[in-house]
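Here is what each chain is made of, one letter per residue.
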Amino acid sequence: MERKSILSVKDLTISFNTFEGEVNAVRGVTFDLEEGETLALVGESGSGKSVSTKAITQLLPKRNTTISKGEIWYHDQDLLKTSSKDMKKIRGKDIAMIFQDPMTSLNPTLTVGRQIAEPLIEHQAMSKQAAKTEAISLMKKVGIIGAEQRFQQYPHQFSGGMRQRVMIAIALACHPKILIADEPTTALDVTIQAQIIDLLKELQAEFDTSTIFITHDLGVVANIADRVAVMYAGRIVEIGTVDEIFYNPKHPYTWGLLASMPTMKMEREDLYTIPGSPPNLLNVPTGDPFASRNMYALEIDFQEEPQMFKVSDTHYAATWLLHPNAPEIEVPDEIKRRNERFATILATKGE
Amino acid sequence: MNKNPIMQIKNLKKTYNPEKDNEVRAVDNISFDIYEGETFGLVGESGSGKSTTGKLLMKLEDMTDGQVIFLGESIQNKRSRQDLLAFRKNIQMIFQDPYASLNPKMTVKDIIGGPLEVHKLVSSRKERDEMVYNLLEQVGLSKSFANRYPKEFSGGQCQRIGIARALALKPKFIVADEAISALDVSIQAQIVNLMRQLKQEGNLTYLFIAHDLSMVKYISDRIAVMNRGKILELATSDDIYHVPLHPYTESLLSAIPEPDPESERNRQRMAYDESKFTYDQDDPHIGLFEITDKHFVYCHKDEVEGYKQKAERLKQAIIV
């Protein structure tokens, strides 16, 4: 099934100038967002997942950011070359965003209703009255009870989950083509998180939005994503469909992430851990930045950074272990278990 | 496991703004024991009162009513500096945010060595430094870190420093309030393994407060589920997960996303209708009832039989 790509990020390279020197936050990120899909960007703090997506909407601070390379194609324009004036027409209309902390992303001095109506008035030239009607219907759609009364209320009168619903209403007000959700459920309780995820999925189907979903929670990814890109030290190290990443992962970092999460079925043996901590991107080490934490590292990992190797048409991973000359290795038990599941899934799909 | 209670909590209450319009019963009449050498998990969503409970047990907040007995002594009456020092020597805390809980202007050596000096456990600088080095080693850090400042470390390393500080006095009891929530997944596993290993070495007892049920299950022997200041269910961690009886526990469990796309696709979430489980506060037949062996549920006396049948059903289902 060939799907059309709606957004295409190519070789994006971003660094920040800091007191201590140049931080190479994003080092050549390439991915396509396909129409109607949810692509999850997974990685630890500092892996570059938020920075990559902020570049899409030109939200990085101009003063100390250098985008030295790359292209971001949306329709037939390169968003990196778009003027900030033109960007204003795209941001919030074609590409909308939801952030982690709904309290800091809402204006505490404006009523919730006014904040939802704003993009409608701004982008769709609606009258105030029409915008209000539309805003109330949006509030109902995202599950805010008593929308007519709550339209007049301020953010502090809403609970965390309700504020995030308000954010979603604002983001979806103009029926965006692309939604970037940056850790939208991380600050919420699990039961509320479940509600928000269900809501996002429902609305996505209704509005046919393509979504980039940033998170570090692999449980959420398993639930919401069609495809997954795993990021480490400013690069995508593995990308594939959700089944490929969860049941047939090829990169040792993905193995480590999956194996270090306790599952409900797990008995209480020691958790598998990735030793050490992520590298400092002030001085990116030579070779694969993951090598020093990787128990499967080969000699070449310390000399040369691996390029993407193809696993299937949809699945790529940047690890030397996929090189034809790489030695056979024993994968962690948790991954073996997952590989067995993959075999059965493939078998049932083949029928 | 040793069955001596190290801490007994009886009818503990904490009410903010009592008798006013904005009265909040953060902790509403809870009772339980924590046994020596166990890890007791306290889970709940934000606003459930789990952190307030932790603070009450540490005497960081004063209780409104009730009694807490730690190592055979009631903690209410400890008011003098001497009493509090003696009390806190045995009970220490690990906090959620590793950066916010370490003084940025102090070196690691001073942070970890601080408690040793306050409690006059060392007689010289040299002795203190020796102990700091040992503690650093115990939590898996190099002793070369001793002269550096918190900002030079990653979140996981800072949390290790926080743990070393908590361990400095060789306490018997450690309250870990969301000690891993702020850390990345791969680092969480490191810290959890470290805490388990330290427990085995030092005969520690943990109160592990968290909202992440999968980690709590993994680390705890017994778990209490809190909601709106009350304990709704208390059981061994296996029972909580395999035989959850209270509908609130079920709804919490059904909401945890698992890193497995197949099971996520087939997931059935359970909603919790609070109104069905709100009881008249003055009814004497309301409380924590033991449904099966050491498995307690907060309910009305008349509901006990129903829960017993449910437990039986769920246990049957596991065997099949």
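Whatever comes next refers back to the structure up there.
Because the structure is predicted, anything quoted here is derived from the model rather than measured. Going along each chain's sequence as written, the residues are numbered from 1 onward. Numbering of ligands from 1 and lettering of chains from A proceed in the order in which they are written. Totals for whole chains, interfaces and linings use all residues, but because this is a predicted model, local features are given only for residues with pLDDT of at least 70 and pairs of side-chain atoms are given and counted only at 80 or more. To obtain the side-chain values, all non-hydrogen atoms of the structure were used and water was disregarded.

Novice: Is there a simple way to explain the overall build of chain A in this structure?
Specialist: Across its full length, chain A holds twelve helices and twelve strands. Radius of gyration here is computed from C-alpha atoms only, and the compact-globule reference equals 2.2 Å multiplied by the residue count raised to the power 0.38. Taking 2.2 N^0.38 as the reference for a compact globule, 351 residues should give roughly 20 Å; the C-alpha atoms of chain A span a radius of gyration of 21 Å, in line with that estimate. Dimensions of chain A, computed from C-alpha atoms along their principal axes, come out at roughly 70 × 45 × 40 Å. Looking at chain A as a whole, 53% of its 351 residues qualify as buried. Surface accessibility in these figures is a Shrake-Rupley result with a 1.4 Å probe; residues are shielded only by whichever protein chains are displayed. Accessible surface, chain A as shown: approximately 16000 Å² in total, 51% of it carbon and sulfur. His is not counted here, nor are the chain ends, while Lys and Arg score as positive and Asp and Glu score as negative. Where a charge lies is defined by one atom per residue type, namely NZ (Lys), CZ (Arg), CG (Asp) and CD (Glu). Across chain A, the mean location of the 37 positive side-chain charges is 8 Å away from that of the 46 negative side-chain charges. By definition, any uninterrupted DSSP run of H or I lasting at least four residues is a helix, any uninterrupted run of E lasting at least two residues is a strand, and each is numbered from the N terminus. The rule is simple: take the accessible area with a 1.4 Å probe, protein chains only, and divide by the maximum for that residue type; under 20% is buried, over 50% is exposed, in between is partly exposed.

Novice: Which parts of the structure should I look at to understand the interface of chain B and chain A?
Specialist: You'll often see interface size given as the accessible area lost when the parts meet. Contacts between the two partners involve 34 residues from chain B, matched on the other side by 43 residues from chain A. Buried area is understood as the total, over both parts, of accessible area removed when two parts are fitted together, assessed with a 1.4 Å probe. For the pair chain B and chain A, the two sides together bury roughly 3500 Å², of which 52% comes from carbon and sulfur. When the buried surface of chain B facing chain A is broken down by residue, V185(B), Y218(B) and P259(B) rank first, second and third, together holding 19% of it. Salt bridge, as used here: a side-chain nitrogen of Lys or Arg that lies within 4 Å of a carboxyl oxygen of Asp or Glu. Along the contact surface separating chain B from chain A lie three salt bridges. Taking the shortest distance from any N to any O, the salt bridge between D260(B) and R341(A) comes out at 3.0 Å. Elements with a minimum of two residues in the side of chain B that touches chain A: α6 (185-202), α7 (213-219), α9 (247-255) and α10 (261-265) of chain B. Considering every element that reaches the side of chain B that touches chain A, the biggest residue donor is α6(B), with eight residues. For the side of chain B that touches chain A, a count of residues per class yields 15 nonpolar, eight polar and eleven charged. We call two residues contacting when some pair of their heavy atoms lies within 4.5 Å. Only Asp, Glu, Lys and Arg are considered charged in this grouping, and only Ala, Val, Leu, Ile, Met, Phe, Trp, Tyr, Cys and Pro are considered nonpolar; every other residue, Gly among them, is considered polar.

Novice: Got a minute to help me understand helix α3 (residues 108-118) of chain B in this structure?
Specialist: Residues that lie three or four places apart on an α-helix share one face, since the helix turns once every 3.6 residues. Residues and elements named next belong to chain B. For α3, a buried count of eight out of eleven residues is recorded, marking the element as mostly surrounded by other parts of the structure. All buried positions along α3 are accounted for by V108, K109, I111, I112, G113, G114, P115 and L116. Immediately beyond the C-terminal end of α3, within one or two residues, lies K120, with a positive phi of roughly 50°.

Novice: Is there a simple way to think about the sheet that holds strand β8 (residues 205-210) of chain B in this case?
Specialist: Adjacent strands of a sheet pair through backbone hydrogen bonds, lying either parallel or antiparallel. All names here are of chain B. One bridge is not enough; two strands pair if DSSP finds at least two bridges between them. A sheet is described by the order of its strands in space; here eight strands give the open sequence β6-β7-β8-β3-β9-β10-β12-β11, paired in mixed fashion. Edge positions in the sheet fall to β6 (91-94) and β11 (286-292), since each of these pairs with one other strand and no more. Direction aside, the axes of adjacent strands within the sheet are offset by 25° on average. Sheet analysis places β11 next to strand β12 (residues 295-300), joined by six bridges and oriented antiparallel. Each axis is a line fitted through C-alpha atoms, and for a helix only the stretch in contact is used; angles between axes span 0 to 180 degrees, taken between their N-to-C directions.

Novice: Which parts of the structure should I look at to understand the sheet that holds strand β1 (residues 5-16) of chain B?
Specialist: Residues and elements named next belong to chain B. Taken in spatial order, the four strands of this open sheet run β2-β1-β4-β5, and their pairing is antiparallel. What marks the edges here is a single partner per strand, and that holds for β2 (24-35) and β5 (73-74). Across nine bridges, the pairing between β1 and β2 is antiparallel. Pairing of K14 across the sheet is with V27, part of β2. Strand contacts of helix α1 (residues 50-58): β1, β2 and β4 (65-70), with the helix running at about 115° to β1, the strand carrying the most contacts.

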